[in-house]
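A structural walkthrough
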Amino acid sequence: DAGVTQSPTHLIKTRGQQVTLRCSPKSGHDTVSWYQQALGQGPQFIFQYYEEEERQRGNFPDRFSGHQFPNYSSELNVNALLLGDSALYLCASSWRGGSYEQYFGPGTRLTVT
Amino acid sequence: AQSVSQHNHHVILSEAASLELGCNYSYGGTVNLFWYVQYPGQHLQLLLKYFSGDPLVKGIKGFEAEFIKSKFSFNLRKPSVQWSDTAEYFCAVNAESGTYKYIFGTGTRLKVLA
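Now for a description of the structure that goes with this document. Because the structure is predicted, anything quoted here is derived from the model rather than measured. (Residues numbered from 1 in each chain as written. Chains lettered and ligands numbered in written order. Predicted model: local features only at pLDDT ≥ 70, side-chain atom pairs only at ≥ 80, totals over all residues. Heavy atoms only, no water.)

Broken down by element type, chain B carries 0 helices and 12 strands. Reading the helices (α) and strands (β) of chain B from amino to carboxyl end gives β-β-β-β-β-β-β-β-β-β-β-β. Seen along its three principal axes, the alpha-carbon backbone of chain B occupies a region of about 40 × 25 × 20 Å. Counting the 114 residues in chain B, one finds 47% classified as buried. Looking at chain B alone, contacts between residues at least 24 apart form 54% of all its contacts between residues at least 6 apart. (Helix = DSSP H or I, 4+ residues; strand = E, 2+ residues; numbered from the N terminus. Buried < 20%, exposed > 50% of the residue type's maximum accessible area, 1.4 Å probe, protein only. Contact = heavy atoms within 4.5 Å.)

Moving on, we get to the sheet that holds strand β3 (residues 19–24) of chain A. Residues and elements named next belong to chain A. Here we have 4 strands laid out as an open sheet, ordered β1-β3-β8-β7, and antiparallel in their pairing. Strands with a single pairing partner mark the edges of an open sheet, and in this sheet they are β1 (5–7) and β7 (64–68). For this sheet, the mean angle separating the axes of adjacent strands, direction not counted, is 20 degrees. Relative to strand β8 (residues 74–78), β3 runs antiparallel, the two being bridged by 5 bridges. The partner of R22 across the bridge, within β8, is E75. (Pairing = 2+ DSSP bridges. Axes fitted to C-alpha atoms, helices over the stretch in contact; angles between N-to-C directions.)

Attention shifts here to the pattern of salt bridges. All names here are of chain B. In total, this model carries 11 salt bridges over all chains according to the counting rule given. A salt bridge links E64 to K58, with the nearest nitrogen and oxygen atoms 2.9 Å apart. Among the ionic pairs, D85 bridges to K78, the shortest N-O distance being 2.8 Å. Pair check on accessibility: D85 and K78 agree, each one buried. (Salt bridge = Lys/Arg side-chain N within 4 Å of Asp/Glu carboxyl O.)

Turning to the state of the cysteines, a few remarks are in order. Taken as a whole and judged by the stated rule, the model has 2 disulfides over all chains. At a sulfur-sulfur separation of 1.8 Å, the disulfide partner of C23 of chain A is C91 of chain A. Judged by the sign of its S-S torsion, about -60 degrees, the bond between C23 of chain A and C91 of chain A is left-handed. Of this pair, C23 of chain A sits in strand β3 while C91 of chain A is found in strand β9 (residues 87–94), placing the two residues 68 residues apart along the sequence. Just as C23 of chain A is buried, C91 of chain A falls in that class too. Across a sulfur-sulfur distance of 1.9 Å, C23 of chain B and C91 of chain B are joined as a disulfide pair. As the torsion about the S-S bond is roughly -65 degrees, the C23 of chain B-C91 of chain B disulfide counts as left-handed. In this pair, C23 of chain B is assigned in the loop between β3 (19–21) and β4 (24–26) and C91 of chain B in strand β10 (residues 87–94), connecting sequence segments 68 residues apart. (Disulfide = S-S within 2.5 Å.)

At the junction of the two partners, chain B supplies 21 residues and chain A supplies 24 residues. Between chain B and chain A, roughly 1900 Å² of surface is buried when both sides are summed, and carbon and sulfur atoms account for 54% of that area. Counting every contact that joins chain B to chain A gives 1 salt bridge. For E101 of chain A, the salt bridge identified is with K49 of chain B, shortest N-O distance 2.2 Å. The interface formed by chain B and chain A holds 4 residue pairs in polar contact (both at pLDDT 80 or more) in total. No other element matches strand β5 (residues 32–38) of chain B, which puts 4 residues into the side of chain B that touches chain A. Grouping the constituent residues of the side of chain B that touches chain A by class yields 9 nonpolar, 9 polar and 3 charged. (Buried area = accessible area lost by both parts, 1.4 Å probe. Polar contact = N/O pair within 3.5 Å; in protein donor to acceptor, adjacent residues only side chain to side chain. Nonpolar A, V, L, I, M, F, W, Y, C, P; charged D, E, K, R; others polar.)

This is the structure:
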């Protein structure tokens, strides 16, 4: 049973560029949440998707957008990258019919230069 | 605004010492509480969780945590740590019913000396 997978593992981008990160949820899960973890900080909630729609959003600008596909996988897009966007981006999945427990993927390390 | 505080940022212990990591949250309603661990080079893993019922919850690897509602606390404990417990520990709160939005603390980096 595969857990949450994310790609790519690492990514280096230049300021102003755009980036897309991908997440496949754990088998049987239908909800995906994205978090940003800056160095030395705890993860911060970006947004959550289920039924292919954004359902809740944290305190992140519109440069951060996402998508969920019919197979429940998800993408996180960040436009007009800033140096401050450098962080570990975590995907977490859960099943809405279950408890409020989330399973986290290994993350994508994004470095903006 | 909701927040989670972990007051111990770095903790160094010798093997067999007892561990207690503090976690306080600011939210007056019903909460779901979690402790996650991140071993070096690995992803976040759930240690234990509290949804309701017995405020003393037991998790994996001998960890336990106690929910004290009056103190808005959910402290993590382990009677005797091992070198393999070296990791970063995060407390998280889910305070919005019907959502999966977690508020995380800033983490506590634990180093256990062999």
